[in-house]
Every structure is written in structure tokens, then in C-alpha cells.
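What follows is each chain in one-letter form.
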Amino acid sequence: MERKLRKERVGLVTSNKMEKTIVVAETKKQKHPFYGKFVLKTKKYTAHDENNECNEGDTVRIMETRPLSKNKRWRLVEIIERAK
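Computed from a prediction, not measured in an experiment: that's the story for all the values here.

Student: I tried to follow the pairing of strand E3 (residues 38–48) on my own but got confused; where do I start?
Tutor: Both faces of the sheet carry side chains from a regular strand, because those side chains alternate between them. Judged from the eleven bridges that link them, strand E2 (residues 21–31) and E3 form a sheet pairing that is antiparallel. Note that in E3 the partner of Thr 27 across the bridge is Thr 42. With antiparallel pairing between neighbouring strands as the criterion, E2 and E3 make up a hairpin whose turn holds six residues, including Gly 36 at a positive phi of roughly 80°. Of the strand pairs in this sheet, E3 and strand E5 (residues 72–81) are connected by three bridges, and their pairing is parallel. Residue pairing in the sheet places Thr 46 in a bridge with Lys 72 of E5.

Student: Explanation requested: the pattern of salt bridges in the structure shown.
Tutor: Oppositely charged side chains can form a pair if their charged atoms are brought close together. Enumeration over the complete set of coordinates arrives at eight salt bridges. Here Glu 56 and Lys 17 are joined by a salt bridge, their closest N and O atoms 3.1 Å apart. Of this pair, Glu 56 sits in the loop between E3 and strand E4 (59–64) while Lys 17 is found in the loop between strand E1 (8–15) and E2, placing the two residues 39 residues apart along the sequence. Assessed through its relative accessible area of 39%, Glu 56 is described here as partly exposed. For Lys 17, a relative accessible area of 69% puts it in the exposed group. Here Asp 58 and Arg 82 are joined by a salt bridge, their closest N and O atoms 3.3 Å apart. With Asp 58 in the loop between E3 and E4 and Arg 82 in the segment after E5, this pair connects stretches of sequence that are 24 residues apart. Given a relative accessible area of 1%, Asp 58 falls into the buried group.

Student: What should I look at first to understand the nonpolar core in this one?
Tutor: Soluble globular proteins: nonpolar side chains tend toward being buried together. In this structure, Val 13, Ile 22, Val 24, Tyr 45, Ala 47, Cys 54, Val 60, Ile 62, Trp 74 and Leu 76 together form the largest nonpolar core, which totals ten residues. Mapped by element, the contributors of at least two residues to this core are E2, E3, E4 and E5. The residues contacting Ile 62, other than those within four sequence positions of it, are Lys 7, Glu 8, Arg 9, Val 24, Tyr 45, Ala 47, Trp 74, Arg 75, Leu 76 and Val 77.

How each quantity is defined
- Residues numbered from 1 in each chain as written.
- Predicted model: local features only at pLDDT ≥ 70, side-chain atom pairs only at ≥ 80, totals over all residues.
- Heavy atoms only, no water.
- Pairing = 2+ DSSP bridges.
- Helix = DSSP H or I, 4+ residues; strand = E, 2+ residues; numbered from the N terminus.
- Salt bridge = Lys/Arg side-chain N within 4 Å of Asp/Glu carboxyl O.
- Buried < 20%, exposed > 50% of the residue type's maximum accessible area, 1.4 Å probe, protein only.
- Core = buried A, V, L, I, M, F, W, Y, C linked by side-chain atoms within 4.5 Å.
- Contact = heavy atoms within 4.5 Å.

In C-alpha cells form, the structure reads like this:
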């Protein structure tokens, strides 16, 4: 049996206050169905950060994984860019 491709997201770390956990916010522009104006939509993900290496403001790539806790279903893949 072959495993399916897992979803990946790129976002900004908004919180690293928890132990081995980060909160990643993914922002995307979405066109309003009636008015046609582009609206910013933000979705937050809690992701597993094994070595506590992320800081707030970092741009990271996260990947879908099995449930690790009540609301943690993502894990850190790589840090794309460090916060300035």
C-alpha cells in the first residue's frame, strides 16, 4: 500500500511560548465571491517543533502528520527564513 502525499504549508511563526510547539499563521489572498475584492484570510496551525529551534517571525514550512495532541496535527519541516 502506497502512502499519499502529505499537505505542506508555508507560514509565519506567531508564537513559540509552548514546549516543543509553535503556532504558524498561513495568510492567503482570496477573492470575495460577490464584491470581487481580495480579502486576506489567515489560518492558524499548531505544529510540532522537536528541538525548540523556531522563534517568532520565522518563515517555516510545515507538513501534515498523525495527531500528536488534541489539536496538533502538523510538524516542522524546515525554517525557510529567520526573523530579522
